[in-house]
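# Working through the structure, step by step
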Amino acid sequence: MVSISFLNPLSPEGKDIVRELGSFEGISQDIPELRRIVTRNPSQEITDDKEIPSNYLELALKRMEWHIKKKHDREFNIRRYSFLSDQAITRYDIISFYLLCQAIGVKFGPNSRETRVMVEAQGDLIQERLGKLHTEERRLIVDEALQMLIKGDRVHWTFFQELLGTRKIRLTDLVLDKGELILEREDFIDRFGPRINHRNPNSMYQLLIGDELKELIMVKMIMQETEDYIKQVHEKARIMVEPNPVLLELADEVAEVLAEQMQHYGYGTGRGGGGPMKSGPLNHLAFPPCVKKALEGIKSGGRNDAIVLFMTPFVSYARLYPDVFRMNISKRVSDQDPQLEITENEVLPLIYEAAQRCVPPLFDDQPQEKVNINAKLGFGMHSTLKMEHEGETTWYTPMSCEKIKLHLPHLCRPDDTCKKIGNPLSYYNRMIWEVRNLNQEDSNSTDSGTVNEHSNVPVEGKNSNTVNGAENIEDESMFPEKSGKSNDDSSEEV
């Protein structure tokens, strides 16, 4: 049967594997056995030797690359990453997991985009690996994992407070009786069987719980443990004079992978229309009439909807992710603006300016609308944008023209271009291309010594202790401690 640590590297079995490694010596050296496993996998497709991870660090980066491509690349080929579901890589995979968590914890901290991607990638990878198992083996490994994660036969719902608080699961996902979690068939039938009339209790169990709920709880708990571990690493790193340079180097490479992949997959595919739209400084010349009117300030009713429901999605997507409808891939603001600098310095000020021009100024009598604006950006009902709150709500996409006509008719003053599109963001993208084409024509005309009649069109630009060598991992680098320590969490050091 598959090893429990293949799904949960933070299990006692996984920690033992890391302790056996002992130090960072040779962490970046080639591992012939790892290459052999990858190349001999019958499902693996290899078009370039560079696709084969040769050591722990490369395997760590492949984990992140796989998740990003799987999520964003329309032409993603799972066979190029078949090795990630091969049980034979368990030992190497576990060590790469710890390296990633520690690198991210040391350099970026628990509230970073890097942490979010790492946690999501781990959950995604667990589900991918479960999907490769036979049904009975899948049930057995999930039950074994849950026994380790959930201590005791009777578990009160408050045991999941952290999971509920981080919204990884909802209270409505759980089946409870007098506040206690019900997961096992026998327990369900014993408690609910006498109350179920005209239905088969076994069928009801399968409908309400079954394998699906068990797997959901297991995956979400491992994701939460991963996030907690990164937080522990971060807190310990704060008292260190200098973190291990191997971890810092890996952290920089993780950031490069995220930046490169998001840039490559985040702006469209170039198919159809005018090609992909890249994010860049807002060009006010390309705004549709409805946006220009809203920027002047709402002088009558509908201030709230115009600013919160209309302007906030339009300005944020036009600046950060103009190709959302072409790509048809949901993202978060931090996927496009990792440090939230653009959002805070460009997006919000423009929205606030429009709110201030309203009569009366929107925030003068309704200051709570600033919280609603943050909620429409995906950061929950909070007064400030913080990465830890992202995902509590959804980043709203821009209103369609039909909805604007229905809910904000005083903004709708269509011009000729409006007749060709169905959304203000589509209008903006179309006009951006037209302005760029005019600019390109101007450039060509200037090169040939002629002056184009549109040459004066302005276009905004795009635009503790130092650890060295092979010191002992558990003493200096924040891997779990070596032999002699209990596997119990209370005595386990980061």
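These figures come from a predicted structure and were not determined experimentally. (Residues numbered from 1 in each chain as written. Predicted model: local features only at pLDDT ≥ 70, side-chain atom pairs only at ≥ 80, totals over all residues. Heavy atoms only, no water.)

### Observations regarding the overall build of the protein chain
- Within the protein chain, the regular secondary structure consists of 22 helices and two strands.
- The buried share of the protein chain, reckoned over its 494 residues, is 51%.
- For the protein chain, the accessible surface area stands at approximately 23700 Å², while carbon and sulfur atoms represent 47% of it. (Helix = DSSP H or I, 4+ residues; strand = E, 2+ residues; numbered from the N terminus. Buried < 20%, exposed > 50% of the residue type's maximum accessible area, 1.4 Å probe, protein only. Areas by Shrake-Rupley, 256 points an atom, 1.4 Å probe, with all protein chains shown as cover.)

### Some points on the packing of aromatic side chains
- All chains considered together, the criterion is met by 14 aromatic pairs.
- Plain terms: the ring middles of Tyr98 and Tyr229 are 5.4 Å apart, the flat faces sit at 75 degrees to each other, and that makes the pair edge-to-face. You can see Tyr98 sitting in helix α5 (residues 90-107) and its partner Tyr229 sitting in helix α11 (residues 210-237), a full 131 residues away along the chain. You'll find Tyr98 and Tyr229 in the same group, each marked buried. (Phe/Tyr/Trp six-rings, centres within 6.5 Å; stacked < 30°, edge-to-face > 60°.)

### Description of the nonpolar core
- Leu99, Ile150, Phe160, Ile217 and Met218 are the most contacted members of the largest nonpolar core, which totals 84 residues.
- Core analysis: the second largest hydrophobic core is formed by 51 residues, Val308, Ala355, Phe379 and Leu385 among them. (Core = buried A, V, L, I, M, F, W, Y, C linked by side-chain atoms within 4.5 Å.)

### Some details on the packing of helix α14 (residues 303-320) against helix α19 (residues 369-376)
- Their axes nearest at 9 Å, the elements α14 and α19 cross at an angle of 25 degrees. It follows from the interaxial angle that α14 and α19 lie roughly parallel. Here the hand of the crossing between α14 and α19 comes out right-handed. Residues Asn304, Ile307, Val308, Leu309 and Thr312 of α14 form the contact with α19, whose own contacting residues are Glu369, Asn372, Ile373 and Lys376. (Axes fitted to C-alpha atoms, helices over the stretch in contact; angles between N-to-C directions. Parallel < 35°, antiparallel > 145°, perpendicular 65-115°, else oblique. Left-handed = near helix turned anticlockwise from the far one by under 90°. Contact = heavy atoms within 4.5 Å.)

### A look at helix α6 (residues 113-130)
- With 18 residues, α6 should reach 26 Å at 1.5 Å per residue; the first-to-last C-alpha distance of 26 Å fits that figure.
- Along α6, 16 of the 18 residues are buried, which leaves the element largely enclosed by surrounding structure. (Expected span 1.5 Å × (residues − 1).)

### Observations regarding the pattern of salt bridges
- As enumerated under the stated definition, the model contains 35 salt bridges in all.
- Where Arg63 meets Asp93, a salt bridge forms, and the shortest distance between an N and an O atom there is 2.9 Å. In this pair, Arg63 is assigned in helix α4 (residues 56-72) and Asp93 in helix α5, connecting sequence segments 30 residues apart. (Salt bridge = Lys/Arg side-chain N within 4 Å of Asp/Glu carboxyl O.)

### A few points about unusual backbone geometry
- Cis geometry is adopted by the peptide bond preceding Pro360, which originates at Val359 and carries an omega value of -5 degrees.
- Of note, the phi angle at His198 is positive, near 65 degrees, even though the residue is not glycine.
- With respect to the secondary-structure elements, His198 resides in the loop between α9 (185-192) and α10 (201-208).
- In this structure His198 comes out as exposed when scored by relative accessible area, which is 83%.
- A positive phi angle, near 65 degrees, is found at Leu340, a position not held by glycine.
- Inspection of the secondary structure assignment puts Leu340 in the loop between α16 (333-336) and α17 (341-356).
- Given the relative accessible area of 5%, Leu340 is considered buried.

### Brief notes about the environment of Lys214
- Note on placement: Lys214 falls in helix α11.
- Considering only alpha carbons, one finds Lys214 and Ala145, 69 residues apart in sequence, at a separation of 9.9 Å.
- Those residues in contact with Lys214, other than ones at most four positions away along the chain, are Val142, Asp143, Leu146, Leu183, Glu184 and Tyr205.
- A distance of 3.2 Å separates polar atoms of two side chains, one belonging to Lys214 and the other to Glu184. (Polar contact = N/O pair within 3.5 Å; in protein donor to acceptor, adjacent residues only side chain to side chain.)

### Observations regarding helix α3 (residues 32-40)
- Turning to α3, its buried residues number three or more, namely Leu34, Ile37 and Val38. Along the axis of α3, the buried positions cluster into a sector of 95 degrees, meaning they face one direction only. Pointing more than 90 degrees away from the buried face of α3 are the exposed residues Pro32 and Arg40.
- Tucked inside the fold, the buried residues of α3 contact α4 and α5. (Arc of directions from axis to C-beta.)

### Here's the deal with the side chain of Lys62
- Along the chain, the position of Lys62 falls in helix α4.
- Ignoring any residue separated from it by four or fewer positions in sequence, one finds Lys62 in contact with Lys50, Glu51, Pro53, Tyr81, Phe83 and Leu84.

### Side note on the packing of helix α7 (residues 135-149) against α11
- Axis separation between α7 and α11 bottoms out at 10 Å; the angle between their running directions is 50 degrees. Relative to α11, α7 is oriented oblique. Seen along the crossing, α7 lies across α11 with a hand that is left-handed. Here Arg138, Arg139, Val142, Asp143, Ala145, Leu146 and Leu149 of α7 lie close against α11, whose contacting residues are Asp211, Lys214, Glu215, Ile217, Met218, Met221, Ile222 and Glu225.
- Tallied by class, the residues present in the contact of α7 with α11 amount to eight nonpolar, no polar and seven charged. (Nonpolar A, V, L, I, M, F, W, Y, C, P; charged D, E, K, R; others polar.)

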